[in-house]
Amino acid sequence: SLLLSAALPFAQPPSARAEYLSVASRKANVRQGPGPRKDVLWQAWRLTPFMVLDWVGDWAKVQDYEGDVGWVHGSLLADVPTVIVSAKTAAVHGGPGAGYRGLWTLEEGYTLKVLAVDGVWLKVTDDDEVRGWVLRRSVWGRAEVDEGST
């Protein structure tokens, strides 16, 4: 039972203890290291969620949904719940259930802001055309909203 007790803290899903931040600017350079002169590995677009692995000064060491790691300046990140489609496609429904009309089919890599949670369903928007509900298992990121923010 001692072994079981020691393993319990790791039994919760990573999202329950991980810090997620999202790109707040139109795009952000993801760099090889913490600093403006470090090589740019890739660019991330607005609403892209990252798991924060560490901080060095104002720089966040981040990981994306594919497991790629880089550094982003903290001024380009916000504490806004966002997700990215991690499945090949994700259906956006008119309500929190498969019985609701399908509105959109989004491809892998599409970023969304999370507005509300209803069980395994997330109410999402891209702040443009797309607004509806997706299954939590089809996306990666911060699939939660703070109480009172919906």
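It should be emphasised that the depicted structure is a prediction, and the values quoted were computed from it without experimental measurement.

> Please explain the overall build of the protein as it appears in this structure.
Within the protein, the regular secondary structure consists of one helix and 14 strands. Contacts in the protein between residues at least 24 apart in sequence constitute 51% of all its contacts with a sequence separation of at least 6.

> I would appreciate a short explanation of the packing of aromatic side chains in the present structure.
Each pair of aromatic rings is reported with the distance of its centres and the angle of its planes. For the structure shown, the criterion picks out one aromatic pair. Ring centres of Y20 and W140 lie 5.3 Å apart, and the angle between their planes is 75 degrees; on these two criteria the pair is classed as edge-to-face. You can see Y20 sitting in strand β1 (residues 19–23) and its partner W140 sitting in strand β14 (residues 139–141), a full 120 residues away along the chain. For W140, a relative accessible area of 18% gives the class buried.

> Just checking my understanding: could you explain unusual backbone geometry for this structure?
Glycine aside, residues mostly have negative phi, and peptide bonds are mostly found in the trans state. Notably, L47 is not glycine yet its phi reads approximately 75 degrees, a positive angle. Considering the arrangement of structural elements, one finds L47 in the loop between β3 (40–45) and β4 (49–56). Since its relative accessible area comes to 7%, L47 is described here as buried. The residue D127 is not glycine, and still its phi comes out positive at about 65 degrees. Residue placement: D127 occurs in the loop between β12 (121–125) and β13 (131–135).

> Honestly, the environment of E144 in this entry has me stumped. Any pointers?
Relative to the helices and strands, E144 is located in the segment after β14. Residues E144 and P81, spaced 63 residues apart in sequence, show a C-alpha to C-alpha distance of 6.5 Å.

> Explanation requested: the side chain of T125 in the structure shown.
Along the chain, T125 turns up in strand β12. In contact with T125, other than residues within four places in its own chain, are L47, L112, K113, L115, V130 and R131.

> Would you mind showing me how to read the pairing of β4 here?
Within a regular beta strand, the side chains point alternately toward one face of the sheet and then the other, so they alternate between its two faces. The sheet contact formed by β1 and β4 spans four bridges and is antiparallel. Looking at the pairing, Y20 lines up with M51 of β4. Taken together, the five bridges between β4 and strand β5 (residues 59–63) define a ladder with antiparallel strand orientation. Following the sheet pairing, W55 is matched in β5 by A60. Linking β4 back to β5 in an antiparallel pair, the connection comprises two residues, with G57 at a positive phi of about 60 degrees.

> So what exactly am I meant to see when it comes to the nonpolar core here?
A general tendency of soluble globular proteins is for nonpolar side chains to be buried together. Within the largest apolar cluster, 14 residues are counted, with the highest numbers of intra-cluster contacts made by V83, L112, L122 and V124. Taken together, the elements giving at least two residues each to this core come down to β8 (82–85), β9 (89–93), β11 (111–118) and β12. Ignoring sequence-local partners within four residues, the contact set of L112 consists of L47, P81, T82, V83, V85, L106, V124, T125, D126 and V130. L21, V23, A44 and V52 belong to the second largest nonpolar core, which has 11 residues in total.

What counts, and at which threshold
Residues numbered from 1 in each chain as written. Predicted model: local features only at pLDDT ≥ 70, side-chain atom pairs only at ≥ 80, totals over all residues. Heavy atoms only, no water. Helix = DSSP H or I, 4+ residues; strand = E, 2+ residues; numbered from the N terminus. Contact = heavy atoms within 4.5 Å. Phe/Tyr/Trp six-rings, centres within 6.5 Å; stacked < 30°, edge-to-face > 60°. Buried < 20%, exposed > 50% of the residue type's maximum accessible area, 1.4 Å probe, protein only. Pairing = 2+ DSSP bridges. Core = buried A, V, L, I, M, F, W, Y, C linked by side-chain atoms within 4.5 Å.

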